[in-house]
Amino acid sequence: MQYIDNIIFLILLVAGFGLFAKSLQKIYRNIRLGREINRNDRKGERWETMARVAMGQSKMTVRPVAGVLHLFVYVGFVIINIELVEIIVDGIFGTHRFLSTIFGHTFYNFFTATLEVLALLVVIGVVVFFIRRNFYGVKRLTMKELFGWPKNDANWILIIEFALMMAFFKMNAADHILQLRGVLPEHGSFPISEMTLVPFLEIFSFDNGFLMFVEKGAWWFHFVGILFFMNYLYYSKHLHIILAFPSTWYANLEKKGKFNNLESVTKEIKLMMDPNADPYAAPAEGDAAEVPSKFGAEDVFDLNQVQLLNAYSCTECGRCTSVCPANITGKKLSPRLILMKTRDRLEEVGRNIDKNGKFEDDGKKLLNDYITKEELWACTTCNACTEACPVLLDPLSIIFEMRRFLVMEQSAAPQELNLMMTNVENNAAPWQYNQADRLNWAND
Amino acid sequence: MDFNIKTMAEFAAEGKSPEVLFWVGCAGSFDDRAKKITKAFCKIMNNIGVDFAVLGQEESCTGDPAKRAGNEFVFQMMALTNIEVLNMYEVKRIVTACPHCFNTLKNEYPSLGGHYEVLHHTQFLKKLMEEGRLKIEGGAFKGKKITFHDPCYLGRANDEYEAPRLLLEKLDAELVEMKRCKTNGLCCGAGGAQMFKEPEKGNKDINIERTEEALSFEPKVIATGCPFCNTMMTDGVKHFNKNEEVAVKDIVELLAEAEDL
């Protein structure tokens, strides 16, 4: 019976990681529903971008208050995960504070003290974030588009992180008292717990058995909590803690103003312009495969894989929406919603595939059922959203692909734009002026 | 007007090629307000003796508004036609006063076979200044408050924030920056083919929001570097009935004024 703890631990561990792996697989499968895009060039630059933006948080510094608090939570999270190694070893082998045997006395003291300080910073971070989000009225965090799950999700994340840190402190505090009483061997230094929880616990002069229970209980809570949180990620915007890395790696490295040129169109036009081309010639064998089924994007299948990855990586912070000129002036467009809706639709498609084995037409599309034309036509393509995104997501590219679909597949542009396009086509200017008058300004 | 405007065709007929091709753009060719910007730029070029040509009737829309509206067909039709003309004249260097033309020629033409050195007029003038060919005496603007509105397609789209500011500083004016400037600049509302349609329903128009910000500094001049921004800001200033007190001017217009051209 003495191994029962270890066995339960192992089962939970395997189940937790197994479920998480399954979720990641599902995300991977869903992302692969998109069109392939070649973003494997300039590898050095990509690693550098990822290191700078995702690991180095370089774009978070633009808003210093949120940036510093985010850094607390981020660094805390990363380093406290080293604790996870210890938890796993202790859990499987029934040891106590395993790392102390490797680190040696002094370094282990330093290590645990550092973790305590970082945990405190995380607590400060999440508490201020909670207040900021719920009572302070930062516009981008209180907009109507977040009502419901997105808002609750954000709060759950903060509450879970808070609870995990509290369990960590409780565990250390109980452990420390037991160490002082000589019940447990002395390992580690716990300055924060010593200052806060230890005196509090001492007031009650709990007996060793109870403190042992607290220490173990908090340890288990911490462990199960981590497993739960990990599996919660799949349902949460908090996925960004993982996907921010690939998203920044696969980010667009070109100038923001450079929109891609469709090669399929180039071929058509070159043929059109070629005086020697035979207009009645049958298309060459094998050409049919090269012609894309569609121009632009109507549904998630028509978006590229990086765009779908972006949708999963968005943490709904709304920095994009808060700088969007259309949104600022009360129009329906919100770049954040473009990504959120893309993710919603992609998840719906994923569930459809889970249920039917493959995608069965559900009569819905990303266009119209999720994203409306009114939103798409309000975009000025100014790139404020892409500049603002802390993890280099590109909602503009989705808007642009959907416009392409509206115009090239459905001829559904606003009438004034049709007029402009006709003018460009016929007079080589967006207005109805004669090309022969182009130099008139020189003689006015 | 002692204008000396030569076309690419005229240069070719003489068997010569100019130092730079001036891409005028649709606004610069046809829009009455933007034509003044075109002329101001030509005056500066003439004044310092830059050998430049225009395409004249051989120039077409770059295709920018069609592309950004989503019409890749019309865009590429324009692009490939323009590239054919440009390559025929063996054009190496292009300068333009329109950030939309600038962006399209610079970024989107290369993959279609059009490789040129493309400069925004502020970048070109900055170069001329560094080479000592352009000298600016800023007396006329001494102490006057000027604020600069960053065009999205020059700034965020192509990371050029410095050249326009450098030129403005030479005017000895008091350059005040709006809160939303440089990477955080606010669009004038005309980009992405919005110039050619009514805006979607909202609380206000984007150009009104932007002009309000600019006017809050009580500047003498709102400086622009894009004919479309110029139109939008001019409309905004009129909206607030400030067109008597506040001028909306392209940087080259200010430079031409400073030089009394």
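Here, every reference points to the structure presented above.
Residues numbered from 1 in each chain as written. Chains lettered and ligands numbered in written order. Predicted model: local features only at pLDDT ≥ 70, side-chain atom pairs only at ≥ 80, totals over all residues. Heavy atoms only, no water.

### Focus: the overall build of chain A
And step 1. Looking only at helices and strands, one finds 21 helices and zero strands in chain A.
And step 2. By the compact-globule yardstick of 22 Å for 444 residues, chain A is too spread out, its C-alpha radius of gyration being 28 Å.
And step 3. Projected onto its principal axes, the C-alpha positions of chain A cover 95 × 55 × 40 Å.
And step 4. Per-residue burial for chain A yields a buried fraction of 51% across its 444 residues.
And step 5. Once local pairs closer than 6 in sequence are excluded, the contacts in chain A between residues at least 24 apart make up 77%.
And step 6. Surface summary for chain A: the accessible area is close to 21500 Å², and the carbon and sulfur share equals 63%.
And step 7. Here chain A carries 45 positive and 48 negative side-chain charges, and the mean point of each set is 4 Å from the other. (Helix = DSSP H or I, 4+ residues; strand = E, 2+ residues; numbered from the N terminus. Rg over C-alpha atoms; globule rule 2.2 N^0.38 Å. Buried < 20%, exposed > 50% of the residue type's maximum accessible area, 1.4 Å probe, protein only. Contact = heavy atoms within 4.5 Å. Areas by Shrake-Rupley, 256 points an atom, 1.4 Å probe, with all protein chains shown as cover. Lys, Arg positive; Asp, Glu negative; His and termini not counted. Charge placed at Lys NZ, Arg CZ, Asp CG, Glu CD.)

### Examining the pattern of salt bridges
And step 1. Taken as a whole and assessed by the stated rule, the structure comprises 47 salt bridges over all chains.
And step 2. With a closest N to O distance of 2.5 Å, Asp-175 of chain A and Arg-97 of chain A form a salt bridge. Placement of Asp-175 of chain A in helix 6 (residues 149-180) and of Arg-97 of chain A in the loop between helix 3 (64-93) and helix 4 (99-103) is noted, with a sequence separation of 78 residues between them.
And step 3. A salt bridge links Asp-32 of chain B to Lys-35 of chain B; the nearest nitrogen and oxygen atoms lie 3.3 Å apart. Of the two residues, Asp-32 of chain B and Lys-35 of chain B both sit in helix 3 (residues 32-47), three residues apart, roughly one turn of that helix.
And step 4. Overlapping salt bridges bring together Glu-19, Arg-93, Glu-117, Lys-127, Glu-131 and Arg-133 of chain B as one network. (Salt bridge = Lys/Arg side-chain N within 4 Å of Asp/Glu carboxyl O.)

### Comments concerning the sheet that holds strand 4 (residues 93-96) of chain B
The strands making up a sheet associate through backbone hydrogen bonding, with each pair oriented either parallel or antiparallel.
All names here are of chain B.
And step 1. Taken in spatial order, the five strands of this open sheet run 1-3-2-4-5, and their pairing is parallel. Since the sheet does not close on itself, it has two edges, and those belong to strand 1 (6-7) and strand 5 (117-120), each with one partner.
And step 2. One ladder, built from three bridges, connects strand 2 (residues 20-23) with strand 4; its direction is parallel. Each bridged residue has a counterpart across the sheet, and for Trp-23 the counterpart in strand 4 is Thr-96.
And step 3. On top of the sheet, helix 3 reaches strand 2, strand 3 (52-54) and strand 4; it is set at about 165 degrees to strand 2, its chief contact. (Pairing = 2+ DSSP bridges. Axes fitted to C-alpha atoms, helices over the stretch in contact; angles between N-to-C directions.)

### Remarks on the interface of chain A and chain B
And step 1. On the chain B side, the residues contacting the 59 residues of chain A number 72 residues.
And step 2. Summed over both partners, the interface of chain A with chain B comes to about 5700 Å²; 66% of that surface belongs to carbon and sulfur atoms.
And step 3. When the buried surface of chain A facing chain B is broken down by residue, Trp-431, Arg-438 and Trp-441 of chain A rank first, second and third, together holding 14% of it.
And step 4. Connecting chain A to chain B are three salt bridges.
And step 5. Close ionic contact of Glu-72 of chain B with Arg-404 of chain A constitutes a salt bridge, the shortest N to O distance being 2.8 Å.
And step 6. Where chain A meets chain B, there are 34 residue pairs in polar contact (both at pLDDT 80 or more).
And step 7. For the side of chain A that touches chain B, the element with the most residues is helix 11 (residues 263-273) of chain A, which contributes seven residues.
And step 8. Here the side of chain A that touches chain B is composed, by residue class, of 33 nonpolar, 11 polar and 15 charged. (Buried area = accessible area lost by both parts, 1.4 Å probe. Polar contact = N/O pair within 3.5 Å; in protein donor to acceptor, adjacent residues only side chain to side chain. Nonpolar A, V, L, I, M, F, W, Y, C, P; charged D, E, K, R; others polar.)

### A few points about the pairing of strand 8 (residues 221-224) of chain B
Across a regular strand the side chains alternate sides, sitting on one face of the sheet and then on the other.
Residue and element names in this part refer to chain B.
And step 1. Where burial is concerned, the two faces of strand 8 agree: the one with Val-221 and Ala-223 and the one with Ile-222 and Thr-224 are both buried.
And step 2. Bridge count for strand 6 (residues 145-148) against strand 8 is three bridges, and the pairing is parallel. For Phe-148, the partnering residue across the bridge sits in strand 8 and is Ala-223.
And step 3. With four bridges connecting them, strand 8 and strand 9 (residues 247-250) associate as parallel partners. The residue of strand 9 that forms the bridge with Val-221 is Ala-247.

### Focus: the environment of Gly-94 of chain A
Residue and element names in this part refer to chain A.
And step 1. You can see Gly-94 is positioned in the loop between helix 3 and helix 4.
And step 2. Using a relative accessible area of 53% as the deciding quantity, one classes Gly-94 as exposed.
And step 3. Residues Gly-94 and Val-65 lie 29 residues apart in sequence; the distance between their C-alpha atoms is 42 Å.
And step 4. With residues near it in sequence (within four places) discarded, Gly-94 still touches Asn-6 and Val-89.

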